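Chain and residue survey
Take a look at the letters that make up each chain.
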Amino acid sequence: QVQLVESGGGLVEAGGSLRLSCAASGRTSSSYAMGWFRQAPGKEREFVAAISRSGRNTNYADSVKGRFTSSRDNAKNTVYLEMNSVKPEDTAVYYCAAAGLNRDILVVTPGSYDYWGQGTQVTVSS
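Residues numbered from 1 in each chain as written. Predicted model: local features only at pLDDT ≥ 70, side-chain atom pairs only at ≥ 80, totals over all residues. Heavy atoms only, no water.

1. A short note on the pattern of salt bridges
- Within the structure shown, the criterion is met by five salt bridges.
- One salt-bridge network, in which partners are shared between bridges, spans Arg 38, Glu 46, Arg 67 and Asp 90. (Salt bridge = Lys/Arg side-chain N within 4 Å of Asp/Glu carboxyl O.)

Now the structure itself:
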């Protein structure tokens, strides 16, 4: 069992930056591949980024590639999403998720994740 708590959301102007954090408690986060998803009002939850257990492998949605960076500090049981050059269309509730795996691989489908955080709101003003 693992609990995930996101933080760092807020209101930011277009072109600005935010860093989201996802703190894991319970089992050590290094046992989990982690992912970031987002859901805007009236839209389905969509994949944003994934990072493998070691942090060596990452994958990003085309819409955020080159602007967002995911990293992790397994000693702190925390995963990060650095958001740069944000756009109004990045406005959404952002969720982190954990998938228990025994391989250092990426997980991009929401149905493959075992645990989810409660989400943090990111609002980008134009």
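Read on, since the account is not over.
2. What to know about the sheet that holds strand E7 (residues 68-73)
- In spatial order, the strands read E1-E3-E8-E7; together these four strands make up an open sheet with antiparallel pairing. What marks the edges here is a single partner per strand, and that holds for strand E1 (2-7) and E7. Shown here is a sheet whose adjacent strand axes are inclined to one another by a mean of 15°, direction ignored.
- Bridge count between E7 and strand E8 (residues 78-83): six bridges; the pairing is antiparallel. Considered in E8, the bridge of Arg 72 is made with Val 79. (Pairing = 2+ DSSP bridges. Helix = DSSP H or I, 4+ residues; strand = E, 2+ residues; numbered from the N terminus. Axes fitted to C-alpha atoms, helices over the stretch in contact; angles between N-to-C directions.)

3. Description of unusual backbone geometry
- You will see that Asn 77, though not glycine, has its phi angle at about 55°, which is positive.
- On the secondary structure map, Asn 77 appears in the loop between E7 and E8.
- Of note, Ser 85 is a non-glycine position whose phi angle comes to about 50°, a positive value.
- With respect to the helices and strands, Ser 85 occurs in the loop between E8 and strand E9 (92-100).
- On the accessibility criterion, Ser 85 (41% relative accessible area) is partly exposed. (Buried < 20%, exposed > 50% of the residue type's maximum accessible area, 1.4 Å probe, protein only.)

4. Quick word on the pairing of E9
- Buried residues dominate E9, accounting for seven of its nine residues.
- One ladder, built from eight bridges, connects strand E4 (residues 32-39) with E9; its direction is antiparallel. Its bridge partner being in E9, Trp 36 is matched across the sheet by Cys 96.
- As defined by bridge partners, E9 adjoins strand E11 (residues 120-125) across three bridges and the pair is classed as antiparallel. By the bridge assignment for E11, Val 93 is matched with Gln 121.
- The sheet contact formed by E9 and strand E10 (residues 115-116) spans two bridges and is antiparallel.

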